[in-house]
Amino acid sequence: MNVKMTMNRRILLINGSIRGTKGETHLYMEKLREGMERAGADVEVIALAEKNIVRCRGCFCCWRENTKKCPLNDDVPGILDRMTESDLVIFAVPLYVNNISSQMQIFMERTLPLCKIDFEKGRSGVYQHKQARKVPPLIFFGSCNLPEPSHLDIISLYADRVADAWHTEIVGKILRTEALLITTCPKCAEILFNDYLRRLALAGEEITETGRLSEFTQKRLNRVLIDKDIFTTTGLNYFLKD
């Protein structure tokens, strides 16, 4: 499905970094947002770290016939409404101990109302819950402070499974290794990341205009930027600095 996006389309960007607007994830997403808005998109950014999100209690009230509503009073219902009202949703999440951040996981566990209790066989041939609310196409941005792209395989797989569960599709994946160098290595930022951020903004324009990221753009954004032996030395300095 090739979704053609036009001007003033609504794009929701959900930042799952525990550091919220203070982390590298935010810096990358701001550049993506710049490109999307330049192309005419109406972009809303939600930093989960700045929202009141209570852990799921596993009570299944959102599925029970006599309730059909989550009893937890926080910001999640509003975020789910924003998701279903948007034309595209972008999730941005850093890697934490070979998984998505706890901030994002807590939120994802609260998305149960997007599905029904009933089962059906999905596109991948396995049973999953039926759709309760329509979710637009998704783009996932994953980042890590490690040099090899394979570290982000778990986020790539997670994105695919989430899309299947919500009966929607992934229209792009941006998987950024060496993410911390944008703020910790001025020379790297000047030589490598200035060009990368420019390409990221152009990708934002592409998302707005076409509704997806081309394979070419994804490969260009996901390529390794610096030799891993050089990175490991530079990256270590970040964790050891005062």
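About the criteria used
Residues numbered from 1 in each chain as written. Predicted model: local features only at pLDDT ≥ 70, side-chain atom pairs only at ≥ 80, totals over all residues. Heavy atoms only, no water. Pairing = 2+ DSSP bridges. Helix = DSSP H or I, 4+ residues; strand = E, 2+ residues; numbered from the N terminus. Axes fitted to C-alpha atoms, helices over the stretch in contact; angles between N-to-C directions. Contact = heavy atoms within 4.5 Å. Buried < 20%, exposed > 50% of the residue type's maximum accessible area, 1.4 Å probe, protein only. Core = buried A, V, L, I, M, F, W, Y, C linked by side-chain atoms within 4.5 Å. Salt bridge = Lys/Arg side-chain N within 4 Å of Asp/Glu carboxyl O. Expected span 1.5 Å × (residues − 1). Phe/Tyr/Trp six-rings, centres within 6.5 Å; stacked < 30°, edge-to-face > 60°.

To continue, consider the sheet that holds strand β7 (residues 170-176). Read from one edge to the other, the open sheet built from five strands follows the order β2-β1-β3-β6-β7, with strand pairing classed as parallel. Taken across any chain shown, the strands that pair with only one partner, and hence form the sheet edges, are β2 (42-47) and β7. Within the sheet, the average angular offset between the axes of one strand and its neighbour, ignoring direction, is 15°. Here strand β1 (residues 10-15) runs beside β2; their pairing, made up of six bridges, is parallel. Among the inter-strand pairings, Ile14 is bridged to a residue of β2, identified as Ile46. Strand contacts of helix α1 (residues 24-38): β1, β2, β3 (88-94), β6 (138-143) and β7, with the helix running at about 160° to β3, the strand carrying the most contacts. Of the strands in this sheet, β1, β3 and β6 touch helix α3 (residues 102-109), which is tilted by about 140° from β3.

Residue position: Gly23 is located in the loop between β1 and α1. In this structure Gly23 comes out as buried when scored by relative accessible area, which is 5%.

Right, let's get into the side chain of Asp74. Within the fold, Asp74 resides in the loop between β2 and α2 (76-85). Assessed through its relative accessible area of 12%, Asp74 is described here as buried. Excluding anything up to four places from it in sequence, Asp74 contacts Asn52, Ile53, Val54 and Arg110.

Let's shift gears to unusual backbone geometry. For residues other than glycine, phi is negative in most cases, and the peptide bonds are mostly trans. Despite not being glycine, Phe60 has its phi angle at roughly 60°, a positive value. Not every positive phi belongs to a glycine, and His167 is a case in point at roughly 60°. Inspection of the secondary structure assignment puts His167 in the loop between α4 (153-165) and β7. On the accessibility criterion, His167 (25% relative accessible area) is partly exposed.

The next thing to look at is the nonpolar core. Residues Ile14, Met83, Phe91, Phe107, Leu138 and Trp166 are the most contacted members of the largest nonpolar core, which totals 31 residues. Counting residues per element, the ones that place at least two in this core are β1, α2, β3, α3, β6 and α4. Residues Tyr28, Val43, Ile90 and Ile174 belong to the second largest nonpolar core, which totals 30 residues.

Right, let's talk about the pattern of salt bridges for a bit. Evaluated as defined, the whole model comprises 17 salt bridges. Residue Glu205 is joined to Arg38 by a salt bridge in which the shortest nitrogen-to-oxygen separation is 2.6 Å. Of this pair, Glu205 sits in helix α6 (residues 186-210) while Arg38 sits in helix α1; the two residues are 167 residues apart in sequence, bridging distant segments of the chain. Taking the relative accessible area as the measure of exposure, Arg38 reaches 49% and is therefore partly exposed. Connected via shared salt-bridge partners are Lys31, Glu34, Arg38 and Glu205.

With 15 residues, α1 should reach 21 Å at 1.5 Å per residue; the first-to-last C-alpha distance of 22 Å fits that figure. All of the buried residues along α1 are Glu24, Thr25, His26, Tyr28, Met29, Leu32, Gly35 and Met36. Directly after α1, the chain includes Gly40, whose backbone phi takes a positive value near 105°.

Let's shift gears to the packing of aromatic side chains. This model, assessed by the stated rule, comprises five aromatic pairs. Ring centres of Phe91 and Phe140 lie 5.2 Å apart, and the angle between their planes is 35°; this geometry places the pair in the tilted category. In this pair, Phe91 is assigned in strand β3 and Phe140 in strand β6, connecting sequence segments 49 residues apart. Classification of Phe91 as buried rests on a relative accessible area of 0%.

Geometric values such as these leave the question of function open.
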